[in-house]
Amino acid sequence: MKPLNFKKLQKKDLFVFDLDGTLIETKSPLEDDMSELITWLLKVKKVAIIGGGKYDIFQELFIRKLKCPRELLKNLFLFPTTATSFYRYNNGWKNVYAKLLTISEKNKIKKAFLDVFREMGYNHPKKTYGQIIEDRGTQVSFSVYGQDLVRVLGDKGVRIKKKWIKDKNNLKTKMKIARLMAKKLPNLKVVAAGFTTIDVTRRGIDKAYGIHQIQKHLRIPINNMFFIGDAIFPGGNDYAIVKTGVDYAAVKGPAETKKIILQIL
Ligand SMILES: [Mg+2]
């Protein structure tokens, strides 16, 4: 983590956080001390959260664990599935927009996954948890162990995912699946995200798109934003924000994110 310019940091109106690996441990519930810090932050700043996961995940892992007075929620903005949808609080969480894939696009993506698995002779792990190919409305996502691994196994599930991707052969397999998918779906975008996940979305959907959507819908200029994410490096799923010119801090995980929030406060 490079040193931050306090004055610059404290002048910003809007803090944009990646969710997975930044505010929460991967696919794990928000911790109490982070909830407290976010609450303090919402008293003085606006906060937007952007992540690849769908809205249900934002609700389950973040909103339900956030112990924050209701009147502060007007300062919190949720951008699930990489900002292809937007929710804001107004007597309950309300959807502002959702750019859904069509049924035919979704079917094409599912078929492409199945074809690629067959062509590669790819075998799924013996035990999987929940859906392996999940329809997230605005994207379709493959995950090696299924969507519910961490929900079912907790920390052990996180360890299983990290261990899987550390094996070079597994990494190669994942990248090959992504490459073959991209070949079959030239009009869509295939992203090898997270540890064990591959997302397929419309083209032009990345965190830079997210920053521009946030600018447009919250009417806050990019130079008044600050982004915090755990994957701001080439190949990482936060890296696209660099090209928007937004000021940012790269963190290794929630522990470093907490330090940055303390600096803002
Ligand atoms: Mg992340």
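Residue numbers run consecutively from 1 along every chain, following the written order of its sequence. Where totals are concerned, whole chains, interfaces and linings use all residues; where local detail is concerned, this predicted model gives features only for residues with pLDDT of at least 70, and gives and counts side-chain atom pairs only at 80 or more. Values reported for side chains reflect all heavy atoms of the structure, with hydrogen atoms and water molecules removed beforehand.

**Brief notes about the overall build of the protein**
In step 1: A run of H or I in DSSP counts as a helix once it spans at least four residues, and a run of E counts as a strand once it spans at least two, with each numbered from the N terminus. A tally of regular secondary structure across the protein gives 10 helices and 11 strands.
In step 2: Relative to the compact-globule value of 18 Å for 265 residues, the protein shows a C-alpha radius of gyration of 18 Å, a close match.
In step 3: Counting contacts in the protein only where the partners sit at least 6 residues apart, residues at least 24 apart contribute 61% of the total.
In step 4: In short, Shrake-Rupley with a 1.4 Å probe defines the accessible areas, and a residue's cover is counted only from the protein chains shown. About 13,300 Å² of surface is accessible on the protein, with carbon and sulfur atoms providing 52% of the total. Atoms counted for the radius of gyration: C-alpha only. Globule rule: 2.2 Å times residue count to the power 0.38. Any two residues having at least one pair of non-hydrogen atoms within 4.5 Å are treated as being in contact.

**Quick look at the layout of surface pockets**
In step 1: Considering only enclosed or pocket space, the second largest pocket measures out at about 230 Å³ in volume.
In step 2: With a 1 Å grid spanning the protein atoms alone, the term cavity applies to any set of points in which a 1.4 Å probe fits but cannot get out, the term pocket to an open set with protein on both sides within 12 Å along at least five of seven lines, and the term lining residue to any residue with an atom within 4 Å of a point. In this structure, the second largest pocket is lined by 18 residues; those nearest its centre are Lys-27, Ser-28, Pro-29, Leu-61 and Val-150.
In step 3: Top element by residues in the lining of the second largest pocket is helix α3 (residues 55–62). It accounts for three residues.
In step 4: Throughout this entry, Asp, Glu, Lys and Arg are counted as charged residues, while Ala, Val, Leu, Ile, Met, Phe, Trp, Tyr, Cys and Pro are counted as nonpolar. The remaining residues, Gly among them, count as polar. Class assignment for the residues of the lining of the second largest pocket results in eight nonpolar, three polar and seven charged.
In step 5: Counting only domains with at least three residues in the lining of the second largest pocket, you end up with domain 1 (6–99 + 205–264) and domain 2 (103–202). Grid points are joined across faces, edges and corners, and a volume is the space filled by probe spheres set on the points. These domain boundaries are the output of an automatic or database domain assignment.

**Comments concerning the UniProt feature "binding site: Mg(2+) 1" (unreviewed entry) in the protein**
In step 1: UniProt positions are given in the numbering used here, feature names are shortened, and annotations may be inferred rather than shown by experiment. Summarizing the sequence annotation, UniProt attributes the feature "binding site: Mg(2+) 1" (unreviewed entry) to Asp-18 and Asp-20 in the numbering used throughout.
In step 2: Take Asp-18: it is sitting in strand β1 (residues 14–18).
In step 3: Judged by its relative accessible area of 3%, Asp-18 falls in the buried class.
In step 4: Those residues in contact with Asp-18 that lie beyond four places of it in its chain are Leu-23, Ile-50, Gly-51, Lys-207, Phe-227, Ile-228, Gly-229, Asp-230 and Asp-238.
In step 5: Here the side chain of Asp-18 touches Thr-22 through a polar contact of 2.7 Å, side chain to side chain.
In step 6: With respect to the helices, strands and loops of the structure, Asp-20 is situated in the loop between β1 and α2 (32–44).
In step 7: Exposed residues in this analysis have more than 50% of their type's maximum accessible area, buried residues have under 20%, and partly exposed residues fall in between, with area computed by a 1.4 Å probe over protein chains only. Judged by its relative accessible area of 31%, Asp-20 is partly exposed.
In step 8: Among all residues touching Asp-20, those that are not within four sequence positions of it are Glu-25, Thr-26, Lys-27 and Asp-230.
In step 9: At 2.8 Å, the side chain of Asp-20 forms a polar contact with the side chain of Thr-26. We define a polar contact as two N or O atoms separated by no more than 3.5 Å, with the added condition that, inside protein, one atom must be a possible hydrogen donor and the other a possible acceptor, whereas residues neighbouring each other in sequence contribute only through side-chain atom pairs.

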